[in-house]
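# Coordinates in review
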Amino acid sequence: FESQIDRKLDNSLKRLKLDRINLYQLHNKIKIEKAYESLTEGEILSTNVVCDIMLKLKEDGRVENIGITALGDTKPIKNVLKTGCFDTAQIYYNLLNPTAELKEISSWNDQDFSGLIPECEKQNMGILGIRLFAAGLLASDVRHGREIPVTHVIDRKEEERRVKKIFQLAGEKYGNRAQFALRYGLSSNKIQSLIVGMASLEHLENSIQAVKMGPLPDSLLKDISELQKRNFF
């Protein structure tokens, strides 16, 4: 595993014509049990496995910071964050599921990421918001067949119902759907950076316009929070 990471990193540095990468991110889901393309807490934290290997990359100067993607099962993700091994975390956060920002939540009936952002803050980690568009469900009614959900518990039909409730509440005066979803991410004062996938220049321009519009009004955010707490009923 160590030799694979070394080889891939060196190839990346060569292609980028760099001696050092600012952030090297572990993108595998973190699961309780071993699954395809995922890692367990033990595989990350055991001696001479992922965490140790990535720390060596920092020590030899090829990488400045290392990070994880906080997807998978919440408990082992939290345990990995608590070690302080990593500098950043990509956190699932959007209108459909804002739970990562909360310390705890009681009546939520979707995947519960609560405690992740507070733990990142405790460890002085950089927080990168991901999946702002919830696999495209929030951005548009158009479906391409490439929408891959990364959470579990509720199904696609229930997600679509929740999307409808959000836009019934918000109306059309806060930008188009994608801009509204992005502005929701901008409204969090705990997330340092938002990662937005783009497939065209139009997507980039749309995002720039959303940033110019800025965060959503506090009164609307309060209404959205109340809707979320009721599981969108």
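This structure is a prediction, so every number in the text was calculated from the model and none was measured.

### Thoughts on the state of the cysteines
Summed over all chains, the structure comprises one disulfide. Through a disulfide, Cys51 is tied to Cys85; the S-S separation comes to 1.8 Å. With the S-S dihedral at roughly 115°, the linkage between Cys51 and Cys85 falls on the right-handed side. Residue Cys51 is located in helix H3 (residues 50-59), and its partner Cys85 is located in the loop between helix H4 (74-82) and strand E5 (88-92); the two are separated by 34 residues in the primary sequence. Overall, Cys85 belongs to the buried group, its relative accessible area being 10%. Looking at the unpaired Cys120, the closest cysteine sulfur is the one in Cys85, lying at 13 Å. The class of Cys120 is buried, set by a relative accessible area of 0%.

### Points about the pattern of salt bridges
Across all of its chains, the model carries 13 salt bridges by this definition. Taking the shortest distance from any N to any O, the salt bridge between Arg161 and Glu158 comes out at 2.8 Å. One end of the pair is Arg161 and the other is Glu158, both in helix H6 (residues 156-170) and three residues apart, which spans about a single turn. On the accessibility criterion, Arg161 (23% relative accessible area) is partly exposed. Exposure remark for Glu158: the relative accessible area of 18% places this residue in the buried category. Taken together, the shared-partner salt bridges connect Asp6, Asp10, Asp60 and Arg62 into one network.

### Considerations on the sheet that holds strand E7 (residues 193-194)
Read across the sheet, five strands follow the order E1-E4-E5-E6-E7 without closing on themselves; strand pairing throughout is parallel. Each edge of the sheet is formed by a strand with only one pairing partner; in this case those strands are strand E1 (21-26) and E7. Where E1 lies against strand E4 (residues 63-69), five bridges are found, and the strand directions are parallel. What sits directly across from Tyr24, in E4, is Ile66.

### Some remarks on the pairing of E4
With respect to burial, E4 is a largely interior element, five of its seven residues being buried. Here E4 pairs with E5 via three bridges, running parallel. Each bridged residue has a counterpart across the sheet, and for Thr69 the counterpart in E5 is Gln90.

### Considerations on the pairing of strand E6 (residues 126-130)
Where burial is concerned, most of E6 is hidden: four out of the five residues are buried. Examined bridge by bridge, E5 and E6 share five bridges and lie parallel to one another. Residue pairing for E6: Ile91 is matched across the bridge by Gly129. After leaving E5, the chain enters helix H5 (residues 116-122) and then returns to the sheet as E6, a path that is right-handed. In the sheet, E6 pairs with E7 via two bridges, with the strands oriented parallel. Paired with Gly129 across the two strands is Leu194, which belongs to E7.

The rules behind these values
Along every chain, residues carry numbers that run from 1 in the direction the sequence is written. Only residues with pLDDT of 70 or above have their local features reported here, since the model is predicted, and side-chain atom pairs are shown and tallied only from 80 upward, although totals for entire chains, interfaces and linings are computed over all residues. Excluding hydrogens and water, the side-chain values take into account all heavy atoms of the structure. Our working definition of a disulfide is a cysteine sulfur pair at a distance within 2.5 Å. Strands here mean DSSP runs of E at least two residues long; helices mean DSSP runs of H or I at least four residues long; both are numbered from the N terminus. For every residue, the accessible area (1.4 Å probe, protein chains only) is compared with the maximum for its type, and the residue is labelled buried under 20%, exposed over 50%, or partly exposed between those bounds. The working definition used for a salt bridge is a side-chain nitrogen of Lys or Arg within 4 Å of a carboxyl oxygen of Asp or Glu. Here a strand pair is declared whenever DSSP counts at least two bridges between the two strands. If you view a crossover with the strands going away from you and the path from the first strand over the helix to the second runs clockwise, you call it right-handed.

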